[in-house]
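Below, each chain spelled out in residue letters.
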Amino acid sequence: DAGITQSPRYKITETGRQVTLMCHQTWSHSYMFWYRQDLGHGLRLIYYSAAADITDKGEVPDGYVVSRSKTENFPLTLESATRSQTSVYFCASSETRQILSGNTIYFGEGSWLTVV
Amino acid sequence: GQQLNQSPQSMFIQEGEDVSMNCTSSSIFNTWLWYKQDPGEGPVLLIALYKAGELTSNGRLTAQFGITRKDSFLNISASIPSDVGIYFCAGPVSGNTPLVFGKGTRLSVIA
């Protein structure tokens with residue numbers, strides 16, 4: 001079972017380039033999320049989506065664009081990458097909005113992005 | 001925004017020792033989640049707590065939902081090398097996703 005997969009796993013890009021990180025889930029979960037992980041900051045929410053064509057900003061959305069044309073995909077685009085966007089990016093999904101018994105958030109394995 | 005404060009930030013312990021870490025918030029949470037992140041991987045859920053005062057175990061791990069609903073504790077008994085990783089507490093804002101995360105406790109186990 002694939003679950004939630006991210007690609008690429010590792011990427012090096014130059015400042016100013018556009019980069020897209022892909023996320024695909026096979027569970028038909030309604031909710032999908034993008035977090036970034038940086039030393040000293042833990043996991044911070046970039047954007048999330050409640051369903052196809054519905055997206056909302058998280059804590060640190062500046063410099064990022066998301067789309068959700070299909071339920072199973074939630075790509076994250078850095079339109080003009082900056083060095084401060086060097087980070088590990090995690091995609092996650094959840095069946096429903098409510099965190100109740102039996103429902104939680106599941107994470108992908110992460111995408112390591114370096115902007116030089 | 002919401003902040004979850006985890007302590008300690010990092011720990012170095014001997015194999016076989018017990019470990020305690022905690023998470024506090026200035027706001028009330030109705031659910032507390034504890035995740036573990038292995039090196040090079042994404043976080044994986046360890047324990048979920050849904051009621052104040054609840055004590056839940058998962059193998060050598062035990063977590064408690066504080067009575068005030070503003071804190072939670074995670075204990076690991078008889079640590080082993082594979083316990084190495086970062087432990088995150090998390091909670092949903094207003095009972096719903098998305099989750100907010102603490103900054104993590106980095107655990108190192110010395111054999």
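Residues numbered from 1 in each chain as written. Chains lettered and ligands numbered in written order. Predicted model: local features only at pLDDT ≥ 70, side-chain atom pairs only at ≥ 80, totals over all residues. Heavy atoms only, no water.

> If you had to explain the overall build of chain A to someone new, which residues and values would you point to?
If you tally the helices and strands in chain A, you get 0 helices and 11 strands. Reading the secondary structure of chain A in the N-to-C direction produces β-β-β-β-β-β-β-β-β-β-β. Relative to its length of 116 residues, chain A is compact, with a C-alpha radius of gyration of 14 Å against a globular reference of 13 Å. Each of the three principal axes of chain A carries a C-alpha extent, and together these read 40 × 30 × 25 Å. Burial statistics for chain A: of 116 residues in total, 47% are counted as buried. A separation threshold of at least 6 residues defines the contact pool for chain A, and within that pool the share at least 24 residues apart is 56%. (Helix = DSSP H or I, 4+ residues; strand = E, 2+ residues; numbered from the N terminus. Rg over C-alpha atoms; globule rule 2.2 N^0.38 Å. Buried < 20%, exposed > 50% of the residue type's maximum accessible area, 1.4 Å probe, protein only. Contact = heavy atoms within 4.5 Å.)

> Now, about unusual backbone geometry: what can you tell me, with residues and values included?
Both trends apply: most residues other than glycine have a negative phi, and most peptide bonds are in trans. Cis rather than trans, the peptide bond between Ser7 of chain A and Pro8 of chain A has omega equal to -5 degrees. If you trace the backbone, Pro8 of chain A turns up in the loop between strand 1 (4-7) and strand 2 (10-13). Of note, the bond from Ser7 of chain B into Pro8 of chain B is cis; its omega dihedral lies within 30 degrees of zero at -5 degrees. Residue placement: Pro8 of chain B occurs in the loop between strand 1 (4-7) and strand 2 (10-14).

> Explain the interface of chain B and chain A to me, and be specific about the residues and the numbers.
The interface is formed by 22 residues belonging to chain B together with 28 residues belonging to chain A. With both chains or domains summed, chain B and chain A bury close to 1,800 Å², and 59% of this area falls on carbon and sulfur atoms. Summed over the shared surface of chain B and chain A, the number is 0 salt bridges. Put simply, chain B and chain A have 5 residue pairs in polar contact (both at pLDDT 80 or more) between them. Those elements giving two or more residues to the side of chain B that touches chain A turn out to be strand 4 (32-37), strand 5 (43-49), strand 9 (85-93) and strand 10 (96-101) of chain B. (Buried area = accessible area lost by both parts, 1.4 Å probe. Salt bridge = Lys/Arg side-chain N within 4 Å of Asp/Glu carboxyl O. Polar contact = N/O pair within 3.5 Å; in protein donor to acceptor, adjacent residues only side chain to side chain.)

> Quick one: what's the story with the pattern of salt bridges, residue by residue and with numbers?
Residue and element names in this part refer to chain A. If you walk through the whole model with that rule in mind, you get 6 salt bridges over all chains. The closest approach of N and O atoms between Arg36 and Asp38, which form a salt bridge, is 2.8 Å. Using a relative accessible area of 13% as the deciding quantity, one classes Asp38 as buried. Residue Asp38 is joined to Arg44 by a salt bridge in which the shortest nitrogen-to-oxygen separation is 3.0 Å. A network of salt bridges, in which partner residues are shared, links Arg36, Asp38 and Arg44.

Treat this as a map of the structure, not an account of what it does.
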